[in-house]
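The lines below spell out each chain.
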Amino acid sequence: MDIRELASFLVGKVVLRRELCTKSLSPRASCQRCAESCPLGGIEITGEGPEIIDCNRCGLCAAVCPTGALKDPERTPAFFLARGREILKIYEEVVFFCPRSPYRIRQEKAGNLVFVPCLGALPPEVLLALAVEGRITLILPKEGCRGCALQKGQEIFENNFSVLHMMLEALALPPGRIKLTPEISRGRVKPGHSVGLEVAMGRRELFAALFRNIKRWEREENEGRARIPSTRREILHQALVRLEREGGLPQENRDWPQAGLKVVGPCYFCNVCSRLCPAGALILEEERLLFKPSLCLSCGLCLDVCLHRSLSWGDKVSLKSITTRERQELAVVTVKECINCGEKFSANIYAQLCLRCSLQRPNPSFNLAPNLGGNGELKK
Ligand code: SF4
Ligand code: SF4
Ligand code: SF4
């Protein structure tokens, strides 16, 4: 926990790491997912990026931020993963519950219970990683999220839950590993284990658990053992590597719940998108623009910063493109002749104007070749 995180923790707010926010990378960034998700309306988007005015640390903004710029130091994805793993060493299932779960659940001292301020704050990657190792139960109040002060969490939870189901389907993991129920589930203790874990419910216990985990992760790292991955991407990759090692990855290729990218207009290989991509998922190399789906955070910054609006979301990427860390070719340099000034220039197949003539035209669609189809191939 660095000094900013500690200060934020002490004043009861989530931490914003501005350097990771797409808004700090470019004023053209259109992302405002954090502001839209805050149930208090406590985040304002200013010229400098988001400002956290009011916060009850529900964790919903952190759950929707694609780049991990927002986090609750007490309840990071790594914390939920480590806590879940600790429980799965002893119990057959880990149970997450929110403040609106029935009162008796909140009073329950069963060791396999983990409190979350809102189920929407649980990243699907964490739930997937735990589902690879054991069973998960999410306790939803009988009446659903109706009337909850964090009602925006319902939409986020439903979205995360459907992404999780698509991930389970792609990996051919039984959907029964994740259960949604209004009923408490104490879970059976695995053979050979006794119950020694207390439930980390209160603020003090959570803090203590966090420090306990940090110490343990440091120890494990020093001993060269598998560390707890910190970002959602790392958590996903570690789960996929584990499945692959155990021979649990499906042989056939399947859709993965992540949009791909495609180039739909002129590309002059200016390097803006690849330089600004916070994940290093776009690479300009050997006269080609390449895309690595396994690194992409779906933040949309590349779409916003391309001057020619030439990048667009594509179809879902494949599971193999993630597991094999495939590099996909988005655009290739060709030598062309400008239809306006006659100069030779380098660009992809969509460009008909040289860069200078293109920038003088306010309407980028002028630059689309009339004889090119949607996929960039010449029409007969
Ligand atoms: S969701 Fe994340 S990247 Fe988007 S504006 Fe908020 S902090 Fe920045
Ligand atoms: S896609 Fe757009 S931003 Fe990226 S290199 Fe091509 S022209 Fe530049
Ligand atoms: S390639 Fe992915 S991570 Fe990189 S800027 Fe585009 S959407 Fe964001």
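The shown structure was predicted, so the numbers you read here are calculated from the model rather than taken from an experiment.

1. Focus: the pattern of salt bridges
Move 1: The final tally for this structure, using the stated rule, is 15 salt bridges.
Move 2: When the shortest N-O distance is used, the salt bridge between glutamate 51 and arginine 18 registers 3.1 Å. One end of the pair, glutamate 51, is in strand S3 (residues 49–52); the other, arginine 18, is in the loop between strand S1 (15–16) and helix H2 (22–25), and 33 residues separate them in sequence.
Move 3: Arginine 85 is the partner of glutamate 133 in a salt bridge, and the nearest nitrogen-oxygen pair spans 3.0 Å.

2. Comments concerning the sheet that holds strand S11 (residues 288–291)
Move 1: The 3 strands lie next to each other as S10-S11-S13, forming an open sheet whose pairing is antiparallel. The open sheet has two free edges, formed respectively by strand S10 (282–285) and strand S13 (328–332), since each of these has just one partner strand. Shown here is a sheet whose adjacent strand axes are inclined to one another by a mean of 25°, direction ignored.
Move 2: Across 4 bridges, the pairing between S10 and S11 is antiparallel. The partner of glutamate 285 across the bridge, within S11, is arginine 288.

3. As for the sheet that holds strand S7 (residues 135–139)
Move 1: Within the open sheet, the 4 strands sit side by side as S6-S5-S7-S8. Their pairing is parallel. Two strands lie at the open edges of the sheet, namely strand S6 (113–115) and strand S8 (178–181), each paired on one side alone. The average undirected angle you get between the axes of adjacent strands in this sheet is 25°.
Move 2: As paired strands, strand S5 (residues 93–97) and S6 are joined by 3 bridges and run parallel to one another. Bridging from a neighbouring strand, phenylalanine 97 pairs with phenylalanine 115 of S6.
Move 3: Along the sheet, helix H5 (residues 77–90) makes contact with S5, S6 and S7, crossing S5 at roughly 135°.
Move 4: Along the sheet, helix H7 (residues 124–133) contacts S5, S7 and S8; its crossing angle with S7, the most-contacted strand, is approximately 135°.

4. A short note on the site of ligand 2
Move 1: In the neighbourhood of ligand 2, the contacting residues comprise Cys267, Tyr268, Phe269, Cys270, Asn271, Val272, Cys273, Leu289, Cys306, His308 and Leu311.
Move 2: Class assignment for the residues of the shell around ligand 2 results in 9 nonpolar, 2 polar and no charged.

5. A short note on a nonpolar patch on the surface
Move 1: The grouping of Leu307, Leu355 and Leu359 at the surface amounts to a nonpolar patch, some 290 Å² of accessible area in total.
Move 2: As for its placement among the helices and strands, leucine 359 is situated in helix H14 (residues 355–360).

6. Re the nonpolar core
Move 1: Phe96, Leu128, Ile136, Leu138, Leu171, Ile178 and Trp256 are the most contacted members of the largest nonpolar core, which totals 43 residues.
Move 2: Those elements giving two or more residues to this core turn out to be H5, S5, H7, S7, helix H8 (152–170), helix H10 (232–245) and helix H13 (319–323).
Move 3: Excluding residues that lie within four positions of it along the chain, leucine 128 makes contacts with Leu164, Met167, Leu168, Leu171, Leu173, Leu236 and Trp256.

7. Structural notes on the packing of aromatic side chains
Move 1: Inspection of the entire model under this criterion finds 5 aromatic pairs.
Move 2: Taking 6.2 Å as the distance between ring centres and 80° as the angle between the ring planes, the aromatic pair formed by phenylalanine 80 and phenylalanine 96 counts as edge-to-face. With phenylalanine 80 in helix H5 and phenylalanine 96 in strand S5, this pair connects stretches of sequence that are 16 residues apart. Across this residue pair, the class does not change: phenylalanine 80 and phenylalanine 96 are buried.
Move 3: Between the aromatic rings of phenylalanine 97 and phenylalanine 115, the centroid separation amounts to 5.8 Å while the plane-to-plane angle is 65°, which identifies the pairing as edge-to-face. Here phenylalanine 97 is found in strand S5, whereas its partner phenylalanine 115 is found in strand S6, with 18 residues between them in sequence.
Move 4: An aromatic cluster is defined as three or more aromatic residues linked by ring pairs; in this entry it consists of Phe79, Phe80 and Phe96.

8. Some details on H5
Move 1: Counted at 1.5 Å a residue, the expected span for H5 with its 14 residues is 20 Å, and the 21 Å between its end C-alpha atoms agrees.
Move 2: Most of H5 sits inside the fold, with 13 of its 14 residues counted as buried.

9. A word on the site of ligand 1
Move 1: Surveying the vicinity of ligand 1 reveals the residues Leu16, Cys21, Thr22, Lys23, Cys31, Cys34, Pro50, Cys65, Pro66, Thr67, Ala69 and Leu70.
Move 2: Partitioning the shell around ligand 1 into residue classes produces 9 nonpolar, 2 polar and 1 charged.

Basis of the calculations
- Residues numbered from 1 in each chain as written.
- Chains lettered and ligands numbered in written order.
- Predicted model: local features only at pLDDT ≥ 70, side-chain atom pairs only at ≥ 80, totals over all residues.
- Heavy atoms only, no water.
- Salt bridge = Lys/Arg side-chain N within 4 Å of Asp/Glu carboxyl O.
- Helix = DSSP H or I, 4+ residues; strand = E, 2+ residues; numbered from the N terminus.
- Pairing = 2+ DSSP bridges.
- Axes fitted to C-alpha atoms, helices over the stretch in contact; angles between N-to-C directions.
- Contact = heavy atoms within 4.5 Å.
- Near = heavy atom within 4 Å.
- Nonpolar A, V, L, I, M, F, W, Y, C, P; charged D, E, K, R; others polar.
- Patch = residues over 30% accessible without salt bridge, like charges linked within 9 Å, V, L, I, M, F, W, Y side chains within 5 Å.
- Areas by Shrake-Rupley, 256 points an atom, 1.4 Å probe, with all protein chains shown as cover.
- Core = buried A, V, L, I, M, F, W, Y, C linked by side-chain atoms within 4.5 Å.
- Buried < 20%, exposed > 50% of the residue type's maximum accessible area, 1.4 Å probe, protein only.
- Phe/Tyr/Trp six-rings, centres within 6.5 Å; stacked < 30°, edge-to-face > 60°.
- Expected span 1.5 Å × (residues − 1).

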